[in-house]
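# Reading the structure
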Amino acid sequence: MEGQAPAPSATSAPSTTVPPVAPGPATAGDATCPAVPERVAPAPNRPRYDLRVDVDPAANAVAGRVGVRFTPDMATDRLVFRL
């Protein structure tokens, strides 16, 4: 049909596992690019997110759940999530 986007193809959902980021060595630059600085390790107390998504293209539906775990470094009386 004219004016409608093509229907998404049905494929299995990919599973992604992200390895921990370790600090890396700096690399030397050359005449056209500056040197890349050493990477800083992520903060050990950063928030951890768990995201689960079910996509059903045939039903044109998406359902999911998000969880976050963290320890605040100061007293807090509220959390704000912007979705």
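Residues numbered from 1 in each chain as written. Predicted model: local features only at pLDDT ≥ 70, side-chain atom pairs only at ≥ 80, totals over all residues. Heavy atoms only, no water.

With that settled, the discussion passes to the environment of Leu51. If you trace the backbone, Leu51 turns up in strand E1 (residues 48–56). Take Leu51: its relative accessible area is 60%, and that puts it in the exposed class. Spatially, the C-alpha atom of Leu51 lies 8.7 Å from that of Val68, the residues being 17 residues apart in sequence. Sequence-distant contacts of Leu51, defined by excluding residues within four places in its chain, comprise Arg65 and Val66. (Helix = DSSP H or I, 4+ residues; strand = E, 2+ residues; numbered from the N terminus. Buried < 20%, exposed > 50% of the residue type's maximum accessible area, 1.4 Å probe, protein only. Contact = heavy atoms within 4.5 Å.)

Moving on, we come to a nonpolar patch on the surface. Taken together, the side chains of Tyr49, Leu51, Val53, Val55, Val62 and Val66 define a hydrophobic patch exposed on the protein surface, amounting to about 670 Å² of accessible area. Where the nonpolar patch is concerned, the elements lending two or more residues are E1 and strand E2 (61–69). Element by element, the count of residues in the nonpolar patch is highest for E1, at 4 residues. Assessed through its relative accessible area of 60%, Val66 is described here as exposed. (Patch = residues over 30% accessible without salt bridge, like charges linked within 9 Å, V, L, I, M, F, W, Y side chains within 5 Å. Areas by Shrake-Rupley, 256 points an atom, 1.4 Å probe, with all protein chains shown as cover. Salt bridge = Lys/Arg side-chain N within 4 Å of Asp/Glu carboxyl O.)

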